[in-house]
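Observations on the model geometry
Letter by letter, the chains look like this.
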Amino acid sequence: MYMLSNRDKITAPTYDQNLVWAVLMLLGLGLVMVYSASITYAESSQAFGHQPTYFLVRHAVYLMIALCVALITFQIPMRFWQRVAPTLFIIGLVLLMLVLIPGIGRKVNGSQRWISLGFVNLQPSELMKLFATIYVADYTVRKAAFMDSFTKSFLPMLAVMLLVGALLLREPDFGAFAVIAAITISVLWLGGINGKIFSGLIVLLLIGMSALIVSSPYRWERIVGFMDPWADPYGKGYQLSNSLIAFGRGEWFGVGLGASVEKLDYLPESHTDFLFAIIAEELGLFGVAIVIVMFAWIVMRAFAIGKEAVLHERHFSGLLAQGIGVWIGVQAIINMGVNMGWLPTKGLPLPLLSFGGSAIIANCIALAMLLRVDWENRRLAKGVPA
């Protein structure tokens, strides 16, 4: 077998440079847009000390922490993550339980999703997306011989995901549950689950989510507001109507960086869940297209890297890479769909761009794992042990 010389080992590309640049471009754009979207809100609020750079500084700190953790993550072999997958999942469950305990979990805007660590708030649901992706990839590999069995492959995972869903809906965080459900279903399907079982799972998921929406007045109001935001533009449709105004003002090339009107206390959560609307207003269709292309590239690379890992018979790495692609893609689609009025309003940040330490760190760890899978693929392709 052909082996690399020492010189080849040093000079040969050992990671996907285009993928790295796409991620860094989104992180950089996110830093700029979070500052632009939050400057007025931070300056006018006594809670943030009337400091216009409050969110900029915090987001920059989150980015530095996330990139440092990502560099460490990249050094860890994939076999380690497969070995600790069940442990990480249990840690995620414990955190989801802790956040519901009064005095430990912090409630903001009616949702108890954060654990205060003093200088920063930890959001367990963001970490659970990462832990669930790792766990489902490991579970699918371990149960590969039973993918045609309803009781041995489907029921255990269904029970586990119902527990996760119950905890998330208590917060409530329906958006995180939807993303985790999408990751689970996709990885099971990619792992070769029986077609009839998969079809039944989709039907059960649709029935279950419909029941959750109908049974909750809060969620039902969001559906009503989404269907016709202009019927109550100052009530149920307030966020969506202002988001649509932002898109309309942006036109082809936007009103200019920093010139958004909607961020002037008109569009709530403009630096988090509705950052995409501010991008549309200030950078126009041109900026929106760049963001969409970057996300599409990341998702396509995730699936290509995963496919290559499977060809090397590294099935856990392959499923994890593709699960990360599903996670980033589905969450980005949901956030963009909400901002553009294609989906009901849901509290999900835009990956790599929106303000939020837990989300940024979880995303960067996941993408560092994706790069590690690619790195190991490249070494194996050159005959060098991973």
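Okay, the overall build of the protein next. Per the secondary structure count, the protein includes 13 helices and three strands. For the protein, whose C-alpha radius of gyration is 21 Å, the value lies close to the compact-globule estimate of 21 Å for 386 residues. Its C-alpha atoms put the protein at 65 × 50 × 40 Å along the principal axes. Considering the protein as a whole, with its 386 residues, one finds that 50% of them fall into the buried category. For the protein, long-range pairs separated by at least 24 residues make up 70% of all intrachain contacts whose partners lie at least 6 apart in sequence. For the protein, the accessible area works out to roughly 17700 Å², and carbon and sulfur atoms hold 68% of it. Within the protein, one finds 27 positive and 22 negative side-chain charges whose respective centroids are separated by 11 Å.

Once that is clear, we can look at the packing of aromatic side chains. One pass over the structure, following the stated rule, counts 10 aromatic pairs. When the centroid spacing of 5.1 Å and the interplanar angle of 90 degrees are considered together, the rings of Phe55 and Phe355 count as edge-to-face. Placement of Phe55 in helix H3 (residues 54-74) and of Phe355 in the loop between helix H12 (315-339) and helix H13 (357-381) is noted, with a sequence separation of 300 residues between them. For the pair formed by Phe55 and Phe355, the shared burial category is buried.

Below, the discussion takes up the sheet that holds strand E3 (residues 121-122). Taken in spatial order, the three strands of this open sheet run E1-E2-E3, and their pairing is antiparallel. The open sheet has two edge strands, strand E1 (105-108) and E3, and neither has a second partner. Two strands pair when backbone bridges link them, and strand E2 (residues 111-116) and E3 are joined in this way by two bridges, in the antiparallel orientation. Residue pairing across strands places Ser116 opposite Asn121, the latter belonging to E3.

The next thing to look at is the pairing of E2. In this sheet, E2 lies alongside E1 in antiparallel orientation, the contact comprising four bridges. Bridging across to E2, Arg106 finds its partner in Trp114. Turn length for the E1-E2 hairpin, with the two strands adjacent in sequence and antiparallel, is two residues, and the turn residue Asn109 shows positive phi of about 55 degrees. In this antiparallel pair of consecutive strands, E2 and E3, the connection spans four residues, and Gly118 shows a positive phi of 90 degrees.

So, on to the environment of Thr151. Structurally, Thr151 can be placed in helix H6 (residues 150-170). Sequence separation of Thr151 and Leu163 is 12 residues, and the distance between their C-alpha atoms is 17 Å.

Before going further, it helps to spend a moment on the nonpolar core. With 104 residues, the main nonpolar core has Ile134, Phe295 and Ile298 as its most contacted residues. Those residues within four positions of Ile298 in sequence are excluded, and the remaining contacts are Leu19, Ala22, Val23, Leu26, Ile328, Leu352 and Leu367.

About the thresholds
- Residues numbered from 1 in each chain as written.
- Predicted model: local features only at pLDDT ≥ 70, side-chain atom pairs only at ≥ 80, totals over all residues.
- Heavy atoms only, no water.
- Helix = DSSP H or I, 4+ residues; strand = E, 2+ residues; numbered from the N terminus.
- Rg over C-alpha atoms; globule rule 2.2 N^0.38 Å.
- Buried < 20%, exposed > 50% of the residue type's maximum accessible area, 1.4 Å probe, protein only.
- Contact = heavy atoms within 4.5 Å.
- Areas by Shrake-Rupley, 256 points an atom, 1.4 Å probe, with all protein chains shown as cover.
- Lys, Arg positive; Asp, Glu negative; His and termini not counted.
- Charge placed at Lys NZ, Arg CZ, Asp CG, Glu CD.
- Phe/Tyr/Trp six-rings, centres within 6.5 Å; stacked < 30°, edge-to-face > 60°.
- Pairing = 2+ DSSP bridges.
- Core = buried A, V, L, I, M, F, W, Y, C linked by side-chain atoms within 4.5 Å.

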